[in-house]
Amino acid sequence: MNDEELTSAGVGSMWSAVLYQNMLPSYFASAFTRPLDTIREAGQVMPPEFGASPMTMASLMYSCGGILPFVSGFGTKYFYGIIQGFVKVPCAMFAERLCAYSRRPTEKSADEKTQFRKYAIFSFVEQNLLAIAMHPIENCMSMHLLSCARYSLGQGYEFTSIFNAMKKLVRNVGVFDGLYGGLGMRLLQLNIQMMLGFGSLDSMNLPVIDGRSNGTEDSTWIEAGVALVAATVAYPLSFVLDRMRVGWVVPDSPKYSTSYELVRTTFEREGFGGFYSGLTLFMLQRITLFALCKSWHIFALRVARSSSGT
């Protein structure tokens, strides 16, 4: 399902497409995958030498607070999703103008390869703009969720909300270092992941544009598989960013002045495998999230088509 299909089916503007394609399915799926996130976050705030498996961590969380720790931070994720949904629209509109690309062409392009590459350039611009705009809120949200994870393990509560995290970061570190700290690592991770994803689809001659290839819905599974592999390869960069954030949340944890220092120390203490800590839960969460969003997309498209009589 894509913007063009939704619009032609009577759903309406880009705002409606964002609501149907991004916000509603994300909210629906987050309700089921949030427990996996809480277990991974709890593992991040524990010392690396603790070495607890996901099952052991889940058991520890349950013994400390019952069911509640597994849904902690749920409202925060929803709030972030709402803000991201509304910020995504102006980013997409600006990227369309900048790249002279339309996500709703009036007629089907004769050259799918060219259209796919235009879409790839548009996606790079859109996603980078969105990442830059959302990074301060993402930083504060991540630190609040890590604080929730510490609290679920019977430890302190450093950041009580997104706004509390924002206030403390600006006061203690400054606007740029506090709110935009780690932005370079975030953009590097995003662009490597997108290059791997689009490059793989291009080399396989499978031009997937807005979740469609040769007009078949099933092509989204191909896109999802490629995206999962790309996310796995780029996972160490996400791990480095998360561990730097942990340094602000856990008072007695090591503080790293640079990403290089963190990478060197982690490699010396934990080896190469340390950079893939939490990967199993990450992949399980991604697979479950996509399967649920895919189901919602099919349902929404069928409703839109039936309402328009197509």
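Further up the page is the structure itself.
First, a word on what this report is: a plain description of the structure on this page. (Residues numbered from 1 in each chain as written. Predicted model: local features only at pLDDT ≥ 70, side-chain atom pairs only at ≥ 80, totals over all residues. Heavy atoms only, no water.)

Further remarks concern the overall build of the protein. Helix and strand content of the protein: 12 helices and zero strands. Relative to its 310 residues, the protein shows a buried fraction of 45%. In the protein, the share of contacts with a sequence separation of at least 24, taken over all contacts with a separation of at least 6, comes to 74%. Surface accessibility of the protein: about 15400 Å² in total, with carbon and sulfur atoms responsible for 63%. (Helix = DSSP H or I, 4+ residues; strand = E, 2+ residues; numbered from the N terminus. Buried < 20%, exposed > 50% of the residue type's maximum accessible area, 1.4 Å probe, protein only. Contact = heavy atoms within 4.5 Å. Areas by Shrake-Rupley, 256 points an atom, 1.4 Å probe, with all protein chains shown as cover.)

One can describe the packing of helix H5 (residues 112-152) onto helix H8 (residues 183-203) by two numbers: an axis separation of 10 Å at closest approach and a directional angle of 160 degrees. Classified by the angle between their axes, H5 and H8 sit roughly antiparallel to one another. The element H5 and its partner H8 pack so that their crossing is right-handed. Along the lines of polarity and charge, the residues of the contact of H5 with H8 split into 13 nonpolar, five polar and five charged. (Axes fitted to C-alpha atoms, helices over the stretch in contact; angles between N-to-C directions. Parallel < 35°, antiparallel > 145°, perpendicular 65-115°, else oblique. Left-handed = near helix turned anticlockwise from the far one by under 90°. Nonpolar A, V, L, I, M, F, W, Y, C, P; charged D, E, K, R; others polar.)

In this structure, Ile39, Ala42, Val45, Met57, Met61, Cys140 and Leu153 are the most contacted members of the largest nonpolar core, which totals 30 residues. Where this core is concerned, the elements lending two or more residues are helix H2 (14-45), helix H3 (54-65), helix H4 (74-99), H5, helix H6 (162-172) and helix H10 (235-249). Top contributing element to this core by residue count: H5, with nine residues. By size, the runner-up hydrophobic cluster in this structure holds 16 residues, among which are Phe116, Tyr119, Ala131 and Leu187. (Core = buried A, V, L, I, M, F, W, Y, C linked by side-chain atoms within 4.5 Å.)

Here we come to the packing of aromatic side chains. For the structure on display, the rule yields 10 aromatic pairs. A centroid spacing of 6.5 Å and a plane angle of 55 degrees characterise the contact between phenylalanine 272 and phenylalanine 275, whose relative ring orientation is tilted. Taking relative accessible area as the criterion, phenylalanine 272 reaches 54% and is therefore assigned exposed. Grouped by ring-pair contacts, the aromatic residues Tyr235, Phe239, Phe272, Phe275, Tyr276 and Phe282 constitute a single cluster. (Phe/Tyr/Trp six-rings, centres within 6.5 Å; stacked < 30°, edge-to-face > 60°.)

Turning our attention to the environment of glutamine 285. Tracing the backbone shows glutamine 285 in helix H12 (residues 279-308). Remark: the alpha-carbon pair of glutamine 285 and leucine 36, spanning 249 residues in sequence, is separated by 6.2 Å. For glutamine 285, the contacting residues outside a window of four places in its chain are Thr33, Leu36 and Asp37.

This part is about the pattern of salt bridges. Counting across every chain of the model gives eight salt bridges. Between glutamate 138 and arginine 186 there is a salt bridge, with the nearest N and O atoms lying 3.5 Å from each other. With a gap of 48 residues between them, glutamate 138 in helix H5 and arginine 186 in helix H8 connect regions that are remote in the sequence. For arginine 186, a relative accessible area of 18% translates into the label buried. With relative accessibility at 12%, the residue glutamate 138 sits in the buried group. (Salt bridge = Lys/Arg side-chain N within 4 Å of Asp/Glu carboxyl O.)

A pair of packed helices is captured by two measures, namely the crossing angle of their axes and the spacing between those axes. The geometry of H5 relative to H10 is characterised by a closest axis approach of 9 Å and an angle of 65 degrees between their N-to-C directions. For the pair H5 and H10, the crossing hand works out as right-handed. The segment H5 lies against H10, with His135, Glu138, Asn139, Ser142, Met143, Leu146, Ser147 and Arg150 engaging Asp242, Arg245, Val246, Trp248 and Val249. Its residues assigned to classes, the contact of H5 with H10 shows five nonpolar, four polar and four charged.

Helix length check: H3 (12 residues) gives 16 Å between terminal C-alpha atoms against 16 Å at 1.5 Å per residue, within 8%. Among the residues of H3, those classed as buried are Met57, Ala58 and Met61. One face of H3 carries all of its buried residues, which in axial projection span an arc of 100 degrees. Seen from the buried face of H3, the exposed residues on the opposite side, beyond 90 degrees, are Met55 and Ser63. Directly beyond the C-terminal end of H3, a positive phi value near 75 degrees is found at glycine 66. (Expected span 1.5 Å × (residues − 1). Arc of directions from axis to C-beta.)

Okay, a nonpolar patch on the surface next. A cluster of nonpolar side chains, Leu196, Val229 and Val233, forms an exposed patch at the surface whose accessible area comes to about 240 Å². Note that leucine 196 resides in helix H8. Leucine 196 gets classed as partly exposed once you look at its relative accessible area, which sits at 33%. (Patch = residues over 30% accessible without salt bridge, like charges linked within 9 Å, V, L, I, M, F, W, Y side chains within 5 Å.)

With that out of the way, let us pick up H5. Across its 41 residues, H5 extends only 50 Å between first and last C-alpha, which sits more than 12% below the 60 Å expected from 1.5 Å per residue. For H5, the principal kink sits at histidine 135 and spans about 55 degrees; a proline, proline 136, occurs within the next four residues. Across the 41 residues that make up H5, a large majority, 29, are buried. Where H5 terminates, the next one or two residues include glycine 154, which has phi positive at roughly 80 degrees. (Bend = angle between axes of the 7 residues up to and from the residue.)

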